[in-house]
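Structural description and commentary
These are the residues of each chain, in order.
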Amino acid sequence: MNRTEAFSAHRNLLFTVAYEMLGSAADAEDVLQEVWLRWAEVPVEEVRDPRAYLVRMTTRLTLNRLRTLARRREDYVGTWLPEPVLTAPDVAQDVELADSVSTAMLLVLETLPPTERAVFVLREVFDVPYAEIAEAVEKSEPAVRQIASRARTHVAERRPRASVSAAERDAVIERFRAATETGDLQALMDVLAPDVVLMTDGGGKVKAALNPIHGRDKVFRFLTAVTPEGLELEPVWLNGSPAIQFVVAGRRDGVGTMLVEDGVVTRLFLVRNPDKLGSVAGEVGLARL
């Protein structure tokens, strides 16, 4: 396998690693471009395991970018949400992969320090051996095991409850879409949990709530107040599950993903920042090890 073939064979995997750590498809693509440029200078014949080598390189470059992004996100206007990516429906068949790239999980990962996030993603999502992770994050193997344990505890305390089947989740999301599109206010109320939380991301470039909105009544009032005339809702697959694309006058105005628990929507994530809608235009390759 030559240099180009090796990189192409693992590209989707490298993108997934970078995306899960960064929550941004654009930044993940930038990392992959840098990985390729560095890979082009590596004596490939001396590399015993191209996959492990490329994952290690991707992890280190992603960690560098994470530290840069942390400063940028401190100045972010309003609520920051992960950049949604358009995925094929068959991604949802890999339950672990779909869960790991969901908006709710990416927000949990965002609360981890950079090294903990890298260790968690590599170990818990991709089952990379501790020895390989230690090389990637430049820590000792015992230290990595401790970091992994700490990260697992942190994520377990914050991750969404897996209390519904994919079929039930899909049905609830479709009920939300239909209620919103038809203006059936009672049906919309019925599909929202009493303690539902709405998070909107406009990035300071379009109108959006600067802070999360809590409670069904407040979320309901916000949604009905901001819904423009002529809004069309199109079903799409984002981050491994059904989602909604908002179209106004033929133009993509935003996308919505949801967390469904116990038969109702408990978290609603609306991304309107135009800088984050580019990846919705084309399917993104995601892969596991």
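Keep in mind that this is a model prediction, so the values were computed, not measured. (Residues numbered from 1 in each chain as written. Predicted model: local features only at pLDDT ≥ 70, side-chain atom pairs only at ≥ 80, totals over all residues. Heavy atoms only, no water.)

Next up on the list: the nonpolar core. What tends to happen in soluble globular proteins is that the nonpolar side chains get buried as a cluster. Counting 56 residues, the largest nonpolar core has F15, Y19, V35, W39 and L109 as its most contacted members. The set of elements that each furnish at least two residues to this core consists of α1 (3-22), α2 (25-39), α3 (50-74), α5 (103-110), α6 (114-125), α7 (130-137) and α8 (141-158). Considering every element that reaches this core, the biggest residue donor is α1, with ten residues. Counting residues in each nonpolar core, the second largest holds 27 residues, with F176, A193, V196 and M258 among its members. (Core = buried A, V, L, I, M, F, W, Y, C linked by side-chain atoms within 4.5 Å. Buried < 20%, exposed > 50% of the residue type's maximum accessible area, 1.4 Å probe, protein only. Helix = DSSP H or I, 4+ residues; strand = E, 2+ residues; numbered from the N terminus.)

Per the UniProt annotation, the sites labelled "domain: RNA polymerase sigma-70 region" (unreviewed entry) are residues 7-71. Spanning residues 7-71, this segment combines 82% helix with 0% strand, and its end C-alpha atoms are found 31 Å apart. (UniProt positions renumbered as here; feature names shortened; annotations may be inferred.)

So, about the sheet that holds strand β4 (residues 241-248). Strand order in the open sheet made by the six strands is β2-β1-β6-β5-β4-β3, with mixed pairing throughout. Every other strand in the sheet has two partners, leaving β2 (213-214) and β3 (231-238) as the edge strands with one partner each. In the sheet, strand β1 (residues 192-201) pairs with β2 via two bridges, with the strands oriented antiparallel. Its bridge partner lying in β2, L198 is registered against I213. (Pairing = 2+ DSSP bridges.)

What follows concerns the UniProt feature "domain: RNA polymerase sigma factor 70 region 4 type" (unreviewed entry) in the protein. The residues that UniProt annotates with the feature "domain: RNA polymerase sigma factor 70 region 4 type" (unreviewed entry) are residues 105-154. Counting secondary structure, residues 105-154 comes out at 80% helix and 0% strand; the distance between its end C-alpha atoms is 12 Å.

With 15 residues, α2 should cover 21 Å at 1.5 Å per step; its first-to-last C-alpha distance of 20 Å lies within 8% of that length. For α2, the set of buried residues is A25, D27, A28, V31, L32, V35 and W39. In an axial view of α2, the angular spread of the buried residues amounts to 155°, which keeps them on one side of the axis. Turned more than 90 degrees off the buried face of α2, the exposed positions are Q33 and L37. Lining the buried residues of α2 we find α1 and α3. Here α2 starts with a cap whose side-chain oxygen sits 3.5 Å from the backbone nitrogen of A26, and that cap is S24. (Expected span 1.5 Å × (residues − 1). Arc of directions from axis to C-beta. Contact = heavy atoms within 4.5 Å. Polar contact = N/O pair within 3.5 Å; in protein donor to acceptor, adjacent residues only side chain to side chain.)

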